[in-house]
Amino acid sequence: MRRSRKAQQTRTALVAGGAGFLGSHLCEALFGIGYRVICVDNFLTGRMENITPLIGQSRFRLIEQDICSPLELGEPVDRVFNLACAASPPRYQADPVHTTRTCVVGSLNLLELALRDGARFLQASTSEVYGDPEQHPQREDYLGHVNCIGPRACYDEGKRTAETLCFDYLRADRADVRVARIFNTYGPRMDPADGRIVSNLVMQALEKRPMTIFGDGRQTRSFCYVTDLVEGLLRLMDIEPNPRQPINLGNPGEFTVLELAGLVRELTGTRSPVKFLPLPEDDPRRRRPDIARAKELLGWAPKVPLRQGLLQTVVYFAELEGSATVSPAAATNRPGADGFETGGAQDPDASGVLFTEAEHPTEILVGPDNRHGERSRAVEAISQGHRADGGRGNRRLPATILHHLPRMLRQPDDDASSTRRSRNHPRAGS
Ligand SMILES: NC(=O)c1ccc[n+]([C@@H]2O[C@H](COP(=O)([O-])OP(=O)(O)OC[C@H]3O[C@@H](n4cnc5c(N)ncnc54)[C@H](O)[C@@H]3O)[C@@H](O)[C@H]2O)c1
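Residues numbered from 1 in each chain as written. Predicted model: local features only at pLDDT ≥ 70, side-chain atom pairs only at ≥ 80, totals over all residues.

Peer 1: Help me out: how do you make sense of the packing of helix α7 (residues 197-206) against helix α9 (residues 257-268) in this one?
Peer 2: What describes two packed helices is the angle between their axes and the distance between those same axes. Here α7 crosses α9 at 40 degrees, and the two axes come no closer than 10 Å. Along this stretch, α7 crosses α9, giving a crossing that reads as right-handed. When α7 is examined against α9, the residues I197, L201, V202, A205 and L206 are found in contact with a partner set consisting of V257, L260, A261, V264, R265 and T268. Across the contact of α7 with α9, the residue classes break down as nine nonpolar, one polar and one charged. (Axes fitted to C-alpha atoms, helices over the stretch in contact; angles between N-to-C directions. Helix = DSSP H or I, 4+ residues; strand = E, 2+ residues; numbered from the N terminus. Left-handed = near helix turned anticlockwise from the far one by under 90°. Contact = placed C-beta atoms within 7 Å. Nonpolar A, V, L, I, M, F, W, Y, C, P; charged D, E, K, R; others polar.)

Here it is, written out as structure tokens:
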């Protein structure tokens with residue numbers, strides 16, 4: 001069938017895993033910059049509510065399918081983003097053989113589709129390819145320290161094999177492939193029950209349950225806010241020429257798990273006790289990306305400080321819970337070294353006021369210009385109202401959140417100073 005002139009100009013992006021946490025934000029950003037978006041998902045960990053704002057739109061199509069089966073779309077695509085794979089350890093370990101199959105067979109099926117359509121391909125790889133790293137921070141040329149027979153191997157080795165396939169397709173000139181090594185990313189639409197560190201701590205704090213920390217909490221992690229990450233993925237997909245090497249995308253700010261827990265306590269005002277549990281097998285001790293390559297080749301660096309992103313995440317989870325308890329103490333009480341002595345009052349006003357789009361802090365999240373001096377289309381989409389909450393419209397949140405938000409966001413918490421803090425922290429890991 002002949003496509004109209006307008007349809008010919010509209011590029012089509014397939015997002016595998018598009019109903020998941022990152023995938024749904026990516027679908028929305030692509031849609032916002034004019035793509036026709038095809039979301040393929042088997043809803044293993046994805047949720048329909050993540051893509052509700054897109055359902056019914058003429059430029060959006062949802063295909064419920066497992067990528068382990070070959071895809072027959074009946075229409076060509078220009079871009080393939082492969083984000084399909086459960087990312088939280090309890091979820092990907094629940095059926096480890098399926099996880100490996102998704103990474104290997106699923107990626108192969110999508111690479112074949114890209115080959116057939118002459119589409120550009122982006123693989124969502126992971127910092128887990130570095131395993132429990134002996135090099136710090138992790139650069140892309142570090143080959144990793146991975147246990148190939150441990151419980152995390154289905155994911156770590158699966159993702160490593162997927163990268164192997166990607167670079168074999170690239171070397172053989174079968175597809176224009178790009179690989180992003182994503183470090184821990186957080187934000188609204190994370191599954192509250194998926195067992196990841198940010199969702200765990202925030203949900204436990206909001207539900208006034210003990211906050212569980214594995215090990216002694218001195219292990220470090222870096223946390224990238226979702227809009228920053230999506231911006232990085234779009235730049236990597238668009239950049240010319242093909243970098244022909246994997247690129248780390250993450251936030252180099254490094255925090256101990258104790259520091260993260262302290263910040264969650266501060267923002268939620270919880271008095272939940274902290275409970276220490278044994279460290280899971282193969283849990284990495286240190287995680288921090290070296291993003292020099294992303295800065296140089298993509299002109300990309302994350303912009304959203306942990307405090308700001310975490311606040312938005314707390315607000316999202318609080319809203320899901322129907323118990324928005326972001327603490328006004330966040331604006332006034334400074335925590336001690338690990339924040340645990342800070343109690344903070346619970347929000348006394350649950351009556352709610354309108355939290356309008358104009359006041360929504362997502363508006364602040366504007367990334368840098370790219371190295372060609374063009375204002376990125378993703379940045380435009382974000383600043384024109386691509387919203388972290390999926391565009392569900394005005395939301396009712398307690399007056400105290402609204403009242404204290406500006407001051408909360410002004411707290412000095414840039415990632416560089418946090419990194420310094422964590423290095424000097426008496427309880428920080430080596
Ligand atoms: N979020 C992070 O911190 C992070 C870090 C590193 C890498 N990544 C990678 O980014 C991608 C997205 O992660 P996320 O955090 O959004 O996870 P997620 O679990 O929220 O999303 C994964 C999506 O893929 C779908 N899926 C899983 N297996 C599938 C299959 N066989 N066929 C079709 N769909 C399938 C799930 O239903 C879900 O919608 C993953 O590939 C993950 O490995 C994420």
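After that view of the structure, there is still more to cover.
Peer 1: Would you mind showing me how to read the nonpolar core here?
Peer 2: Inside soluble globular proteins, nonpolar side chains tend to come together where they are buried. Residues V15, L26, V37, F81 and L233 are the most contacted members of the largest nonpolar core, which totals 95 residues. Counting contributing residues per domain, this core is built from domain 1 (10-182) and domain 2 (188-223 + 251-292 + 301-430), each supplying no fewer than three. Not counting the four nearest positions on each side in its chain, F81 is found in contact with A13, L14, V15, A16, L26, L122 and L233. (Core = buried A, V, L, I, M, F, W, Y, C linked by C-beta atoms within 7 Å. Buried ≥ 20, exposed ≤ 12 C-beta atoms within 10 Å, placed from the backbone. Domains from an automatic or database assignment.)

Peer 1: Before we go on, may I ask you to explain the environment of A261 in this structure?
Peer 2: Within the secondary structure layout, A261 lies in helix α9. Given 25 C-beta atoms within 10 Å, A261 falls into the buried group. Through-space distance from the C-alpha of A261 to that of G217 is 8.9 Å; in sequence the pair is 44 residues apart. Non-local contacts of A261, meaning those with residues more than four positions away in its chain, are made with L201, M211, I213, G217 and V274.

Peer 1: Hey, could you run me through unusual backbone geometry in this one?
Peer 2: Glycine aside, a negative phi is what most residues show, and trans is what most peptide bonds show. Cis geometry marks the peptide bond from H136 to P137, where omega comes out at -10 degrees. On the secondary structure map, P137 appears in the loop between β5 (120-126) and α6 (153-171). Residue E240 is joined to P241 through a cis peptide bond whose omega torsion reads -5 degrees. Position of P241 relative to the elements: it lies in the loop between α8 (226-238) and β11 (247-249). With a phi angle near 60 degrees, F43 is a residue other than glycine that sits in the positive phi range. Taking the C-beta count within 10 Å as the criterion, F43 has 12 such neighbours and is therefore assigned exposed. A positive phi angle, close to 60 degrees, is found at D173, a residue other than glycine. Within the element layout of this structure, D173 appears in the loop between α6 and β6 (176-182).

Peer 1: Teacher, can you tell me more about the environment of R293 here?
Peer 2: Looking at the secondary structure, you find R293 in helix α10 (residues 292-298). Expressed as a C-alpha distance, the spacing of R293 and N248, which sit 45 residues apart in the sequence, is 7.4 Å. Contact partners of R293, with chain neighbours within four places excluded, come to E140, I247 and N248.

Peer 1: So what exactly am I meant to see when it comes to the pairing of strand β4 (residues 79-82) here?
Peer 2: Both faces of the sheet carry side chains from a regular strand, because those side chains alternate between them. Side-chain alternation along β4 places R79 and F81 on one buried face and V80 and N82 on a second face that is also buried. Relative to β5, β4 is paired through four bridges, and the arrangement is parallel. Its bridge partner lying in β5, V80 is registered against F121. (Pairing = 2+ DSSP bridges.)

Peer 1: Help me out: how do you make sense of the sheet that holds β11 in this one?
Peer 2: Pairing between the strands of a sheet comes from backbone hydrogen bonds, and it takes one of two forms, parallel or antiparallel. One open sheet accounts for seven strands, arranged β3-β2-β1-β4-β5-β6-β11; its pairing is parallel. Looking at the sheet topology across the chains shown, the edges are occupied by β3 (60-64) and β11. Averaged over all adjacent pairs, the angle separating strand axes in this sheet is 20 degrees, with direction ignored. Both strand β1 (residues 12-16) and strand β2 (residues 36-41) contribute to a ladder of five bridges, which runs parallel. Residue pairing for β2: V15 is matched across the bridge by C39. Against the sheet, helix α5 (residues 96-117) engages β1, β4 and β5, with an angle of about 170 degrees to β4. Contacts from α8 reach β4, β5, β6 and β11 within the one sheet, and its direction differs from that of β6 by about 155 degrees.

Peer 1: What is the right way to read the confidence of the model for the protein chain from this model?
Peer 2: Low-pLDDT portions of the prediction should not be read for the details of their coordinates. The predicted model of the protein chain averages 78 in pLDDT, with 73% of residues at 70 or higher. Counting interchain partners and residues more than four positions distant, the pLDDT-below-50 stretch residues 328-430 has 178 contacts. (pLDDT = per-residue confidence, 0-100.)

Peer 1: So what exactly am I meant to see when it comes to α8 here?
Peer 2: An α-helical turn contains 3.6 residues, so a residue and the one three or four places further along point in the same direction. Between the first and last C-alpha of α8 there are 19 Å, a value that for 13 residues agrees with the 18 Å anticipated at 1.5 Å per step. The element α8 is largely enclosed, with a buried count of twelve among its 13 residues. (Expected span 1.5 Å × (residues − 1).)

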